[in-house]
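One letter stands for each residue in the lines below.
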Amino acid sequence: MTARRFRLGLGVALVAIIALAGLLAPWIAPFDPNASGADVLSGATATHWMGTDDLGRDVYSRVLHGARISLLVGPLAALVTAIIGVPFGLLAGYARGRLNQFLVQVMDLFIALPNLVLALIITVMVGATLLNIVLVLGIVMWPEMARLVRGQVMSLRETPFIEAARSIGCKPSRILAFHIWPNIMRIVAAQMAIAVSAAIFTAASLGFLGLGLPPPAADWGSMVQSGFDYLSLNPLLSLAPGAAVALTVLGFYLVGRSVE
Amino acid sequence: MLKIEGLRTVFGAAGLPEIAAVDGVDLTVARGRTLGIVGESGCGKSILSLSIMRLLPPPGRIAAGRILFGGQDLAALSNRQMRQVRGRRIAMIFQEPMTSLNPLRSIGAQIAEAIRTHDRGASAADLRARGIEALKRVRIPAPERRIDDYPHQMSGGMRQRVMIAMALSCAPDLLIADEPTTALDVTVQAQVLDLLRDLQAETGMAIILITHDLGVVARMADEVAVMYAGRVAEQAGTAAIFNDPQHPYTLGLLGSIPRIEARPGRLLAIEGTVPPPFALPPGCRFAPRCVFADADCNTAPPPLRDIAPGQRVACFRAPVEDIA
Amino acid sequence: MIGFALRRLAWVLPNIVVLTFLLFATTSGWLGSPAAMMLGTDASPAAIAELNARFGFDDPIVVQYLRWAGGALTGEFGRSYSTQQPVAAMIAPAFPVTIELALWAILLAVVTSVGLNSLVVARGVVGAISTGFSIIGVTIPNFMLGATLITIFSVWLGWLPTTGWVPWDEGALLHLKHLILPVVTLFAFYFGSFSMVYRAEYRAVERQLFVRVAAAKGLSESAVSFRHVLPSAVLPVITYVGLTLGQLVGGAVVTETVFSIPGLGRLFVTAIGSYDYPVMLAVGSIILVGVMVTNLLADLALAAMNPQIRL
């Protein structure tokens, strides 16, 4: 109980810090994130707290601005996940017979697929734009949401109050919308937080593998990659954006896990 | 052989007030005898049995009292010493035969494990022979074949027999049977009870039989302890309990057994419910539901006192004949 | 059991066909002509048409797929666009590298997550620490952990090589030295996810009556834990490993890239970076088929271990 509250508190705090950083980035960042300076690959100094990258850009400012991208990509991708996954899960949980079997098999099939590999293939085909990445992430992550919703619907549909609703002649669509949905909203919300965390994780991995947002966007994953060659010179080039990803992912994950 | 003195078992998570599920219980069981412990669910009878075995689920613990068994105080034994007692000297069978056996292991393996735990030297062949012997004793047909069966291949009655075979495999001095027949069909119940009685006659073990079923008690027990809200309300020989109950709660319980013959006179149904352990009345715990209660009953808990030879009652107003 | 295996196989095989077809279709034109991509956006239509004819991009997609699948079955995946080498010759050395890396990590993760959580489950401080580690394990991206480990152990301490791979036959010690950081990186995520599943399962099994019965026999706490709780609680972990193998593969792809390990994952990422479709298609299919087959094997292992499933 107390452990759960601690986790929730920590998660909310992390998310709040990242959100503030992203929101206030234009005002608190000491430099323009995309402005190259003469000082290339400087280590951490009083002017450049985390040093500068190979183009002379201030790493600290870029990390702050990166929060904006992550906080855009993550929640939007989670939304896409829910838009596909929730109706699918509702249907798969409520339907019986052949339709149910078919939906479940489709879901199982997609759950088994490697998310990152799939995302890599689709992204390289459609091109790495913000919208595309959001859609791709939503498309590869929806099965988890669908499976969760289906499980919830399955257990709810056998409860007496749903049977009562059915026995007085409620239409399935009405039962799903007014009786089942309100009962699973909390869990869907928790799963959304976890989806945000997974989306940021996967987006950063895409960026690290070279499929991040095109330059000069301050994409955390791409920043880790471009700093990788200079680990011995200034590890913060990679570790600072990497830590930002890790903390954001952790924050949303903790929030999601403490609701269940 | 087993003598429980002032046993108090509490549950208390850190920071919360402790709740006593068993609160000052004294009981004795003699060799070859059967003590029935009766009460409604939540009266502490199962916690009592787990206290004797020292298998309380956390945060439960024994807070006070002694459990004297063969000259040792079980409550004071180390965990290692207690393991020597469990299974070998005191064995236990449970209410749900369907889930008491590990579904992933053959029953032979599970019986062998019980034997080997207390007899490290037993060879594989020896273990198998003793396993078959144990199954034979509980009258499982074709034990040579059934020993390799898995639990899901057996019926509930058969599984309870396997549980009994396993419990008796190390010839314990005391068997604790917690609602051993509750989950079984009526005809199977009778078979299992007969089996327990026959095995007791063979081995001379003592049995503590925990049940809410007075019919089972009447059939099996030599002595009966009636528990209410963590305490013993009345303890007496079985005949005395049924023919001459002295505690109003016992009267109520007897009134709630359906009888085929019509019973003239008033029917003693018990009004109300058992108080939860965190909201116990200050005096007699049964007072709020008792038709005989008066002001005294709410001042202090009544001590268990002798009212007749071999009959003890925790009631200020007993004997009940005086009231009417 | 054999019937069960056959039925599972009958479900997996069509899936493999459908998935590899989708993969083929994706990489061969539905989302943009590979010819146009290969030649760049300002290529002349004539050049595109010529390339289409040369590689057979004009044929109906099903015909192209069948041609490709027929070759794939005999180990013939065509030639790489960028290196002009046979794809099979590129995959052959990469395959065992990835398998070795993944096996080490999975094995270590299963042993430690099951072992540690059987010993310490829900017991005060140790339990909290183990929970903390599993949460960090599943949330820290592989590239972040990898970069941190390289910075500490290679750059600062100089104990281990930064990146690269040395095969066994060029020195076992050197091989292991190159293996440590990647295995740890990959292990962290596996450990975290296995731990969470196992711990939840352990708690559920612990409440079962047969566990109390085992304790009532006089077994020690660790005997109860390892002989009775563990076997029941570990089964769902096997299912889970099978089910999430796809996610685990993602970790391997990133880890290989971090440490420049010449495995399938890095091959795949390189192919993607250079729009090398034959390699992408081949490695992608191998990963998909590998995931499906492992999934099937996990199902069968589970059925074999559970006496209640005798199908």
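Rules used throughout
- The numbers attached to residues start from 1 for each chain and follow its sequence in the written order.
- Just so you know, chain letters begin at A and ligand numbers begin at 1, following the order they were written in.
- Local features in this predicted model are restricted to residues whose pLDDT is 70 or higher, and side-chain atom pairs enter the listing and the counts only when it is 80 or higher, whereas totals over whole chains, interfaces and linings include all residues.
- Side-chain calculation: all heavy atoms of the structure are included, whereas hydrogens and water are not.
- Helix and strand labels come from DSSP, where a helix needs a run of H or I of at least four residues and a strand needs a run of E of at least two; each type is numbered from the N terminus.
- When a residue's accessible area, from a 1.4 Å probe over protein chains only, is under 20% of the maximum for its type it is buried; when over 50% it is exposed; and in between it is partly exposed.
- Contacts: residue pairs with any heavy atoms within 4.5 Å of one another.
- By definition here, a salt bridge exists when the distance from a side-chain nitrogen of Lys or Arg to a carboxyl oxygen of Asp or Glu is within 4 Å.
- A cavity here means a set of 1 Å grid points, computed over protein atoms only, where a 1.4 Å probe fits but cannot escape. A pocket is an open set with protein on both sides within 12 Å along at least 5 of 7 lines, and lining residues have an atom within 4 Å of a point.
- Grid points are joined across faces, edges and corners, and a volume is the space filled by probe spheres set on the points.
- Residues were grouped as follows: Ala, Val, Leu, Ile, Met, Phe, Trp, Tyr, Cys and Pro as nonpolar; Asp, Glu, Lys and Arg as charged; and all remaining residues, including Gly, as polar.
- How far each domain reaches was decided by an automatic or database domain assignment.
- Should DSSP find at least two bridges between two strands, the strands are regarded as paired.
- Seen with its strands pointing away from the viewer, a crossover is right-handed if its path from the first strand over the helix to the second goes clockwise.

**What about the overall build of chain C?**
Turning to step 1, where the next piece is worked out: Check the secondary structure of chain C and you find 13 helices and 0 strands.
Turning to step 2, where the next piece is worked out: Counting from the amino terminus, chain C carries its helices and strands in the arrangement α-α-α-α-α-α-α-α-α-α-α-α-α.
Turning to step 3, where the next piece is worked out: Dimensions along the principal axes, computed over C-alpha positions, put chain C at roughly 85 × 55 × 35 Å.
Turning to step 4, where the next piece is worked out: Sorting the 311 residues of chain C into buried and exposed places 53% on the buried side.
Turning to step 5, where the next piece is worked out: Counting contacts in chain C only where the partners sit at least 6 residues apart, residues at least 24 apart contribute 69% of the total.

**Some thoughts on the pattern of salt bridges**
Residue and element names in this part refer to chain B.
Turning to step 1, where the next piece is worked out: Tallying each qualifying case throughout the model produces 18 salt bridges over all chains.
Turning to step 2, where the next piece is worked out: In this structure, Asp-23 and Arg-8 form a salt bridge, with 3.0 Å as the shortest nitrogen-oxygen distance. Of this pair, Asp-23 sits in strand 2 (residues 19-29) while Arg-8 sits in strand 1 (residues 2-11), and the two are 15 residues apart along the sequence.
Turning to step 3, where the next piece is worked out: Note that Asp-198 is salt-bridged to Arg-139, the shortest N-O span being 2.6 Å. A residue pair is termed long-range when its members are at least 10 positions apart, and Asp-198 in helix 8 (residues 186-203) and Arg-139 in the loop between helix 5 (124-137) and helix 6 (143-146) qualify at 59 residues.

**What about the layout of surface pockets?**
Over the atoms, a rolling probe the size of a water molecule traces out where space has been left empty.
Turning to step 1, where the next piece is worked out: Of the volumes computed, that of the second largest pocket is approximately 1,200 Å³.
Turning to step 2, where the next piece is worked out: Taken together, 30 residues form the lining of the second largest pocket, with B:Leu56, B:Pro57, B:Pro58, C:Glu206 and C:Glu221 sitting closest to its centre.
Turning to step 3, where the next piece is worked out: Of all the elements in the fold, those that place two or more residues in the lining of the second largest pocket are strand 4 (60-69) and helix 2 (79-85) of chain B together with helix 8 (172-206), helix 9 (209-216) and helix 10 (221-243) of chain C.
Turning to step 4, where the next piece is worked out: Its residues placed into classes, the lining of the second largest pocket shows 14 nonpolar, 6 polar and 10 charged.

**Some points on the domain arrangement of chain C**
Turning to step 1, where the next piece is worked out: When cut into domains, chain C gives domain 1 (34-74) and domain 2 (89-310).
Turning to step 2, where the next piece is worked out: One C-alpha centre belongs to domain 1 of chain C, the other to domain 2 of chain C, and the line joining them spans 38 Å.

**Quick notes on the pairing of strand 8 (residues 206-211) of chain B**
Residues and elements named next belong to chain B.
Turning to step 1, where the next piece is worked out: Of all 6 residues making up strand 8, 6 are buried, and the element is well covered by its neighbours.
Turning to step 2, where the next piece is worked out: In strand 8, alternate side chains face the same way, and those of Ala-206, Ile-208 and Ile-210 on one face and Ile-207, Leu-209 and Thr-211 on the other are all buried.
Turning to step 3, where the next piece is worked out: Strand direction decides the pairing type here: strand 3 (residues 34-38) and strand 8, joined by 5 bridges, are parallel. Pairing of Gly-36 across the sheet is with Leu-209, part of strand 8.
Turning to step 4, where the next piece is worked out: As paired strands, strand 7 (residues 174-178) and strand 8 are joined by 5 bridges and run parallel to one another. Directly across from Ile-176, in strand 8, lies its bridge partner Ile-208.
Turning to step 5, where the next piece is worked out: Viewed along the sheet, the connection from strand 7 through helix 8 into strand 8 turns out right-handed.

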